[in-house]
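Residue strings, one per chain:
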Amino acid sequence: PPSQLRFCRKRGDKAGICTALGIEGFVDDRPDVLRPMAGLVEHRLLFGPQKRSGSERGVCRVRGWLEVGRYFGI
């Protein structure tokens, strides 16, 4: 429902929304969205192929939605 939608102007602002809502898992295809969530969101998943290699501490890379489902046990 529309009452459950949240909008923000900057990608980094998503971390505050997650904290306010008690979100424990977040999937995004941009490392710069997941980075500010370190220490706030327990499960941060980096989705899809990435142009840059390397790993972000505490971030799990997933290639597709089936892998996301397996990660969360669904």
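Located above this text is the structure these notes cover.
Here goes a summary of the coordinates provided. Computed from a prediction, not measured in an experiment: that's the story for all the values here.

1. Some words on the sheet that holds strand β2 (residues 43–47)
Strand pairing in a sheet is mediated by backbone hydrogen bonds. Such pairs are either parallel or antiparallel.
No. 1: Spatially, β1-β2-β3 is the arrangement adopted by the 3 strands of the open sheet, whose pairing is parallel. Sheet topology places β1 (25–28) and β3 (59–62) at the edges, where each strand pairs with a single neighbour. Within this sheet the neighbouring strands show an average axis-to-axis angle of 25°, counted without direction.
No. 2: Of the strand pairs in this sheet, β1 and β2 are connected by 4 bridges, and their pairing is parallel. Residue G25 lies in a different strand from β2, and its bridge partner there is H43.

2. Examining the packing of aromatic side chains
No. 1: Under the defined criterion, the tally for this structure stands at 2 aromatic pairs.
No. 2: Ring geometry for F47 and W65: centres 4.6 Å apart, planes at 35°, overall tilted. With a gap of 18 residues between them, F47 in strand β2 and W65 in helix α3 (residues 65–71) connect regions that are remote in the sequence.
No. 3: The exposure class assigned to W65 is exposed, which follows from its relative accessible area of 59%.

Rules used in this analysis
- Residues numbered from 1 in each chain as written.
- Predicted model: local features only at pLDDT ≥ 70, side-chain atom pairs only at ≥ 80, totals over all residues.
- Heavy atoms only, no water.
- Pairing = 2+ DSSP bridges.
- Helix = DSSP H or I, 4+ residues; strand = E, 2+ residues; numbered from the N terminus.
- Axes fitted to C-alpha atoms, helices over the stretch in contact; angles between N-to-C directions.
- Phe/Tyr/Trp six-rings, centres within 6.5 Å; stacked < 30°, edge-to-face > 60°.
- Buried < 20%, exposed > 50% of the residue type's maximum accessible area, 1.4 Å probe, protein only.

It is worth stressing that arrangement in space is one thing and function is another; only the former is reported here.
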